[in-house]
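# Structural overview
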Amino acid sequence: MSDVNTAMVQKYRNDFLKEVEENVEEGHWVKMCMQCGVCSGSCPFGPDWDHPPQEIFMMIRAGKRDEVLTTESMWMCTSCYNCIVRCPRELPITHIMHGLANYAHRLGIAPKMNPTRRFSKIFWNNIAKTGRVNELALSLKLYFMDGFMSGIKNALAMAGVGIGMLKTKRLNPFALINHKGVKNPKELHVLLKKAREIEDRRKGIAR
Ligand code: SF4
Ligand code: SF4
């Protein structure tokens, strides 16, 4: 066999499908996809995806590790579940998409500026701190995530909504100082740390 053919065979016999099966939530379903395209046709994002679910599954089987794990596509899934209810093979597509995004994030190779990823991080840090979301802190963090000036612009653009929420008591202006979390956040932190350690051990990811 020529060197070129050997390289091609090696590229084809990849371990990426196995890696996905072992590390990604519901990843063991990927091999069941029969490439019918129903999921991609049902997805409200339609042609806006770089890679719709059907294509992502094909790319995994083709060993395109970097292309899959660095794409923005998985981060666009809105969990509408259209694909799941229509897939003739009953693949849990939504969960696989989120699982892939989470895996890419944990490997540190997910697209850094993707807005969904940034929101997820801000939301997680917010809720993990006290066990309850501090909505005011969350909103401020989101508004100002691209810097002071852009934060002011965002706040002005949403001023009407904010005032409406204040009037109807849907927003507590003192939430930054008197936010009440769960009774014992330290216990929550220990629990989260333990859960992460168990998950990492199971998936063989060193932190
Ligand atoms: S609908 Fe199901 S079987 Fe068809 S391409 Fe999508 S995941 Fe694969
Ligand atoms: S759950 Fe996600 S991938 Fe499935 S149809 Fe909805 S947006 Fe598309």
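Note that this is a predicted model, so its numbers are computed, not measured.

Here is what the cut-offs are and how they apply
Residues numbered from 1 in each chain as written. Chains lettered and ligands numbered in written order. Predicted model: local features only at pLDDT ≥ 70, side-chain atom pairs only at ≥ 80, totals over all residues. Heavy atoms only, no water. Near = heavy atom within 4 Å. Helix = DSSP H or I, 4+ residues; strand = E, 2+ residues; numbered from the N terminus. Nonpolar A, V, L, I, M, F, W, Y, C, P; charged D, E, K, R; others polar. Domains from an automatic or database assignment. Buried area = accessible area lost by both parts, 1.4 Å probe. Salt bridge = Lys/Arg side-chain N within 4 Å of Asp/Glu carboxyl O. Polar contact = N/O pair within 3.5 Å; in protein donor to acceptor, adjacent residues only side chain to side chain. Phe/Tyr/Trp six-rings, centres within 6.5 Å; stacked < 30°, edge-to-face > 60°. Buried < 20%, exposed > 50% of the residue type's maximum accessible area, 1.4 Å probe, protein only. Core = buried A, V, L, I, M, F, W, Y, C linked by side-chain atoms within 4.5 Å. Contact = heavy atoms within 4.5 Å. Expected span 1.5 Å × (residues − 1).

### So, the site of ligand 1
- Neighbouring residues of ligand 1: 13 residues in total, closest C33, C36, G37, C39 and C87.
- Listing elements by their share of the shell around ligand 1, those giving two or more residues are α3 (38-42) and α4 (53-61).
- In terms of residue class, the shell around ligand 1 is built from 10 nonpolar, three polar and no charged.

### What to know about the domain arrangement of the protein chain
- We note that the domain assignment places domain 1 (3-107) and domain 2 (115-203) within the protein chain.
- For domain 1 versus domain 2, the separation of C-alpha centres amounts to 30 Å.
- When domain 1 packs against domain 2, close to 680 Å² is buried across both sides, 40% of that on carbon and sulfur atoms.
- At the boundary of domain 1 and domain 2, one finds zero salt bridges.
- Seen at the junction of domain 1 and domain 2, the total is two residue pairs in polar contact (both at pLDDT 80 or more).
- Elements that contribute at least two residues to the side of domain 1 that touches domain 2 include exactly α2 (16-23) and α7 (93-107).
- Among the elements that make up the side of domain 1 that touches domain 2, the one with the highest residue count is α7 (three residues).
- When grouped by side-chain class, the residues that make up the side of domain 1 that touches domain 2 number one nonpolar, three polar and two charged.

### Looking at the site of ligand 2
- Inspection of the region around ligand 2 gives C43, P44, W49, P53, C77, T78, S79, C80, Y81, N82, C83 and T94 as its neighbouring residues.
- Residue composition of the shell around ligand 2, grouped by class: eight nonpolar, four polar and no charged.

### Looking at the packing of aromatic side chains
- Applying the stated criterion across every chain yields a total of three aromatic pairs.
- Ring geometry for F45 versus W49: centroids 5.7 Å apart, planes at 85 degrees, classification edge-to-face.
- Judged by its relative accessible area of 22%, F45 falls in the partly exposed class.

### Concerning the nonpolar core
- In this structure, I56, F57, I60, I93 and L100 are the most contacted members of the largest nonpolar core, which totals 28 residues.
- Secondary structure elements with two or more residues in this core: α2, α4, α5 (65-70) and α7.
- Here the element with the most residues in this core is α7; it accounts for seven residues.
- Discounting chain neighbours no more than four positions away, the residues touching L100 are V20, V24, I56, I60, V68, L69 and M74.

### A short note on helix α8 (residues 115-130)
- With 16 residues, α8 ought to run about 22 Å at 1.5 Å a step, and its terminal C-alpha atoms sit 24 Å apart, in line with that.
- For α8, the full list of buried residues reads R117, R118, I122, N126, A128 and T130.
- Between the side-chain oxygen of the N-cap and the backbone nitrogen of T116 there are 3.0 Å, and the N-cap of α8 in question is N114.
- Once α8 finishes, G131 follows within two positions and takes phi at roughly 90 degrees, a positive value.

### Things to note about unusual backbone geometry
- Even without a glycine there, the phi angle at E26 is positive, about 60 degrees.
- Looking at where E26 falls in the secondary structure, it is placed in the loop between α2 and α3.
- Of note in this structure, Q35 is not a glycine but carries a positive phi near 60 degrees.
- Tracing the backbone through its elements, the reader meets Q35 in the loop between α2 and α3.
- Here Q35 falls in the partly exposed class, since its relative accessible area comes to 28%.

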